Amino acid sequence: MTLTLAPMTDEELAPRLGALHRSYAEELTRHRAVPAAEALDRAVVQTRNLLPAGAATEKVLLRVARVGDVQVGWIWVTLPGADGASDALAGSGRAWIHNIEVDPEQRGRGYARRMIQLIEAELAGLGVTELGLNVFGTNSVAIGLYESLGFHVTAQQMAKRLDAGAA
């Protein structure tokens, strides 16, 4: 069967937000040493700021991925000019993938690749000229996928944990 993307409703978005908040908070704690309680609060606040009207937020594409009648994942993209939506310079024409997720039981079937290809086609139809995203450096599976789709590194952050006793 063919994977399709369809506009997401608030009813489809709501149950996915809790998992999104938890997974993003875990990554903030693991990679940026943000305390767990603070990380979860930060994830919730960032999402609320970027999706103030939920699925109806302007300049946001929330799409549910389906194979037949089965939901297999979702993708969240902001269009150029959306407030606080990307690391892109104003006027760059860059859309931004905030989240792409394939449900755990559906992984390994090429659905993430197809979701990106379909969202790229939709964005091209809207006149968008560039698509960006962030990925944590330890997510080698995602990095491999993005590179195979033509994404390349445009910025890089590095960090080092310091021993408080060393002087």
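Residues numbered from 1 in each chain as written. Predicted model: local features only at pLDDT ≥ 70, side-chain atom pairs only at ≥ 80, totals over all residues. Heavy atoms only, no water.

J.: Help me understand the sheet that holds strand β2 (residues 60–67) in this model?
T.: Adjacent strands of a sheet form backbone hydrogen bonds with each other and so pair up, either parallel or antiparallel. Across the sheet, which stays open at both edges, the five strands sit in the order β1-β2-β3-β4-β5 with mixed pairing between neighbours. One side of each edge strand has no neighbouring strand; the edge strands of this open sheet are β1 (3–7) and β5 (130–133). The average undirected angle you get between the axes of adjacent strands in this sheet is 35°. Sheet topology places strand β4 (residues 94–102) next to β5; four bridges connect them, and they run parallel. Looking across to β5, one finds that W96 is bridged to G132. (Pairing = 2+ DSSP bridges. Helix = DSSP H or I, 4+ residues; strand = E, 2+ residues; numbered from the N terminus. Axes fitted to C-alpha atoms, helices over the stretch in contact; angles between N-to-C directions.)

J.: Just checking my understanding: could you explain the packing of helix α3 (residues 111–125) against helix α4 (residues 140–148) for this structure?
T.: Running from amino to carboxyl end, α3 crosses α4 at an angle of 40°, the nearest separation of the two axes being 11 Å. Overall, the two elements α3 and α4 adopt an arrangement that is oblique. The interaxial crossing formed by α3 with α4 has right-handed handedness. Across the interface between the two elements, A112, R113 and I116 of α3 pack against L145, Y146 and S148 of α4. Counted by class, the contact of α3 with α4 contains four nonpolar, one polar and one charged residues. (Parallel < 35°, antiparallel > 145°, perpendicular 65-115°, else oblique. Left-handed = near helix turned anticlockwise from the far one by under 90°. Contact = heavy atoms within 4.5 Å. Nonpolar A, V, L, I, M, F, W, Y, C, P; charged D, E, K, R; others polar.)

J.: I keep staring at the environment of R113 and nothing clicks. Help me out?
T.: With respect to the helices and strands, R113 occurs in helix α3. Owing to a relative accessible area of 32%, R113 belongs among the partly exposed residues under this scheme. Taking C-alpha positions, R113 is 12 Å from A65, a pair spaced 48 residues apart along the chain. R113 has contacts with L145, S148 and L149, leaving out every residue within four places of it along the chain. Polar contacts involving the side chain of R113 include one to the side chain of S148, which spans 2.7 Å. (Buried < 20%, exposed > 50% of the residue type's maximum accessible area, 1.4 Å probe, protein only. Polar contact = N/O pair within 3.5 Å; in protein donor to acceptor, adjacent residues only side chain to side chain.)

J.: It is not clear to me how the pattern of salt bridges should be interpreted in this structure. Could you clarify?
T.: When the charged atoms of two side chains lie near each other, side chains of opposite charge can form a pair. This model, assessed by the stated rule, comprises six salt bridges. R66 is paired through a salt bridge with E12; the nearest N and O atoms lie 2.3 Å apart. Of this pair, R66 sits in strand β2 while E12 sits in helix α1 (residues 10–32), and the two are 54 residues apart along the sequence. Relative accessible area serves as the criterion here: at 22%, R66 is assigned to the partly exposed category. The shortest N-O distance in the salt bridge between R42 and E38 comes to 3.0 Å. (Salt bridge = Lys/Arg side-chain N within 4 Å of Asp/Glu carboxyl O.)

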